[in-house]
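Summary of structural features
Given next are the chains, with one letter for each unit.
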Amino acid sequence: MESTQRARCPSKDTILILVPDEPKEEVISSLQKHYPGVKIHWRSVKAPLSVDDIPQEIWDTATIVWGFEIPKDAFLPKLRFVQLNSAGADHWAKNRHYQDPNILFCTSNGAHPPQIAEWVIGSWLSHQHQFRKYSSYMQQGYWEPLFQSSFQDSWGLRMGILGYGAIGRQCANLARALGMDVIAYTARERLTPESRKDDSYCVPGTGDPDGLLPSRWFHGTTKEDLNNFLDQDLDILVICLPLTASNRNMISRQQFEVLAKKKTFVSNVARGGHVNTDDLVEALEKGMIRGAAVDVTDPEPLPKDHPLWKAPNLLITPHISWVSTNHWSRVLAIFEHNLAVLNHGGEFVNRVNKELHY
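Described in the following lines is the structure provided in the data block. (Residues numbered from 1 in each chain as written. Predicted model: local features only at pLDDT ≥ 70, side-chain atom pairs only at ≥ 80, totals over all residues. Heavy atoms only, no water.)

**Remarks on a nonpolar patch on the surface**
Our working rule: Patch membership needs two things, relative accessible area over 30% and no salt bridge, and members are linked within 9 Å if like-charged or within 5 Å if nonpolar (Val, Leu, Ile, Met, Phe, Trp, Tyr). Every accessible area reported is derived by Shrake-Rupley at a probe size of 1.4 Å, with residue values counting cover from the shown protein chains alone. Each salt bridge in this description consists of a side-chain nitrogen of Lys or Arg and a carboxyl oxygen of Asp or Glu lying within 4 Å of one another. We count a stretch as a helix when DSSP gives it H or I for four or more residues in a row; a strand needs E for two or more, and each element gets its number in order from the N terminus. Throughout this description, buried means an accessible area under 20% of the type-specific maximum (1.4 Å probe, protein chains only), exposed means over 50%, and partly exposed covers the range between.
Together, I320, W322 and V323 give the surface a local cluster of nonpolar side chains, amounting to about 240 Å² of exposed area. With respect to the helices and strands, W322 occurs in the loop between β12 (314-316) and α11 (327-344). Take W322: its relative accessible area is 31%, and that puts it in the partly exposed class.

**Examining the sheet that holds strand β8 (residues 216-219)**
For the record, the criterion: In this analysis, strands are considered paired if DSSP registers two or more bridges between them. To get an axis, fit a line to the C-alpha atoms, keeping to the stretch in contact for a helix; angles then go from 0 to 180 degrees between the N-to-C directions. Two residues form a contact once any of their heavy atoms are found within 4.5 Å.
With respect to topology, seven strands assemble into an open sheet ordered β8-β7-β6-β9-β10-β11-β12, the strand pairing being parallel. The sheet terminates laterally at β8 and β12, the two strands that pair on one side only. Direction aside, the axes of adjacent strands within the sheet are offset by 15° on average. Bridge analysis of strand β7 (residues 181-186) against β8 gives four bridges, and the strand direction is parallel. The residue of β8 that forms the bridge with I183 is R216. Along the sheet, helix α5 (residues 113-128) contacts β6 (158-162), β9 (236-239), β10 (265-268), β11 (292-294) and β12; its crossing angle with β10, the most-contacted strand, is approximately 150°.

**Description of the packing of α5 against helix α7 (residues 166-177)**
For any two helices packed against each other, one specifies the inter-axial angle together with the distance between the axes. Put simply, the rule reads: By definition in this entry, angles of less than 35 degrees are roughly parallel, angles greater than 145 are roughly antiparallel, angles of 65 to 115 are roughly perpendicular, and the rest are oblique. Left-handed describes a crossing whose near helix is turned anticlockwise from the far helix through less than a right angle; right-handed describes the clockwise counterpart. Basically, the charged four are Asp, Glu, Lys and Arg, the nonpolar ten are Ala, Val, Leu, Ile, Met, Phe, Trp, Tyr, Cys and Pro, and anything else, Gly included, counts as polar.
At a minimum axis distance of 8 Å, the contact between α5 and α7 shows a crossing angle of 55°. Accordingly, the angle class assigned to the pair α5 and α7 is oblique. For α5 against α7, the interelement crossing comes out right-handed. Residues P113, P114, I116, A117, E118, V120 and I121 of α5 form the contact with α7, whose participating residues are A166, I167, Q170, C171, L174 and A175. Residue composition of the contact of α5 with α7, grouped by class: 11 nonpolar, one polar and one charged.

**Observations concerning the pairing of strand β3 (residues 64-67)**
Judged by which residues are buried, β3 turns out to be covered on both faces: I64 and W66 on one side and V65 and G67 on the other are all buried. Both strand β1 (residues 14-19) and β3 contribute to a ladder of four bridges, which runs parallel. Within β3, the residue paired with I17 across the bridge is W66. Looking at chain direction, β3 and strand β4 (residues 81-84) are connected through four bridges and run parallel. Each residue of the ladder has a partner; that of V65, found in β4, is V82.

**Some points on the nonpolar core**
Let me state the cut-off plainly: Among buried residues, those of type Ala, Val, Leu, Ile, Met, Phe, Trp, Tyr and Cys that are joined through side-chain atoms within 4.5 Å constitute a nonpolar core.
Judged by nonpolar contacts, the single largest core of 32 residues is most densely connected at L162, I251 and F256. Those elements giving two or more residues to this core turn out to be β7, α8 (223-230), β9, α9 (253-259), α10 (277-285), β11 and β12. Of the residues forming this core, the biggest block, four residues, is contributed by α10. Of all hydrophobic cores here, the second largest spans 26 residues; its members include I15, V27, W66 and L342.

**Overview of the pattern of salt bridges**
Counted under the stated rule, the structure contains 13 salt bridges. One salt bridge connects D231 with K261, and the closest N-O pair in it is separated by 3.4 Å. Taken together, the residues D231 in the loop between α8 and β9 and K261 in the loop between α9 and β10 connect sequence positions 30 residues apart. One continuous salt-bridge network, built from bridges that share partners, spans D233, D235, K262 and R290.

**Some thoughts on the packing of aromatic side chains**
For clarity, the threshold we go by: Between the rings of Phe, Tyr and Trp (Trp by its six-membered ring), a pair exists once the centres lie within 6.5 Å; its type follows the angle of the planes, with under 30 degrees stacked, over 60 edge-to-face, and the other angles tilted.
Taken as a whole and judged by the stated rule, the model has 13 aromatic pairs. For the pair W42 and W328, a centre-to-centre distance of 5.3 Å together with 35° between the ring planes defines the contact as tilted. Within this pair, whereas W42 is found in strand β2 (residues 39-44), its partner W328 is found in helix α11, the two being separated by 286 residues in sequence. Of the residues examined, W42 reaches a relative accessible area of 9% and is grouped as buried. A relative accessible area of 10% means that W328 is categorised as buried. Of the aromatic side chains, those joined through ring pairs into one cluster are W42, W66, W328 and F335.

**What to know about the pairing of β1**
Convention followed: A right-handed crossover is one whose linking path, passing over the helix from the first strand to the second, runs clockwise when the strands point away from the viewer.
Counted residue by residue, β1 has six buried out of six residues, so it is predominantly covered. Residue alternation in β1 divides its side chains into two sets, T14, L16 and L18 and I15, I17 and V19, and both sets are buried. Across six bridges, β1 lies against β2 in parallel orientation. Looking across to β2, one finds that T14 is bridged to K39. Crossover connection from β1 via helix α2 (residues 25-34) to parallel β2: handedness right-handed.

Okay, structure coming up:
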């Protein structure tokens with residue numbers, strides 16, 4: 001099927017763009033310049049998207065979709081390629097088109113690391129330097145007397161990165177610039193220099209393309225393997241791996257008990273399902289960890305009356321760490337590369353393994 005897809009010219013395709021953003025002329029112009037005959041339907045959609053929000057004629061003729069998701073009950077009989085706006089594909093697992101082995105999926109992995117890594121480091125520094133406290137003092141017009149507070153800078157501290165993909169590598173890049181030691185955890189063992197390289201899209205000058213930044217690598221798929229990694233004197237744990245059935249709730253009470261030895265700060269920019277929410281609330285309320293910053297929650301959106309909102313030493317943002325004015329140009333670069341592969345052959349960027357969902 002892949003050879004058939006590659007032989008067909010994307011200029012003959014109908015592209016359906018489904019994003020919560022107004023049409024961007026620079027994106028449309030770039031696609032039409034490279035593929036003059038292509039038809040483009042841009043729909044600015046808000047979740048949840050319904051089949052009825054899009055005319056049936058478009059569903060019937062679209063061959064390529066670029067977006068975050070489509071309704072589970074939508075049927076696109078001519079669909080052959082999906083370019084996701086997201087770094088993972090777990091939310092597609094039950095979609096009929098995702099289950100079709102003849103439809104290729106590629107993620108936008110690599111378009112998000114600069115902005116997400118800034119969110120990780122920014123929330124970490126805000127906690128360490130107590131910016132929220134001083135923001136409240138500003139509202140009061142209160143000048144705190146000297147030496148009333150103490151701070152710990154990042155030099156010599158240790159960041160543990162759970163999932164050393166594109167996002168984790170840029171987190172490592174920034175952490176090393178702050179003088180931190182970095183250790184990495186992956187599911188598979190990576191003993192050779194070749195196995196430690198990043199094969200996803202990479203914004204020039206960012207990340208860790210050759211996997212040289214971690215001082216140590218850990219791996220495994222068992223609780224024992226994970227707990228051993230968490231027990232490595234971590235000052236901050238960054239969770240940035242895809243969500244799968246095997247790693248849901250991987251950070252729960254037992255793991256928080258391990259992290260309590262160093263009162264590790266927990267940063268989650270992956271999926272809310274990686275962390276047991278009730279156990280996170282307990283860990284914060286009991287002071288088992290020094291604090292946390294989460295851009296993702298379980299459930300999501302987080303209900304107004306959920307106890308997580310009131311947990312101490314916690315920053316919650318509504319799944320926006322990926323947002324950046326540079327996002328579109330990066331995803332467009334990935335999409336245009338993959339369209340060229342459809343046309344001329346070659347290697348797709350970020351082709352999804354449908355068993356792993358990334």
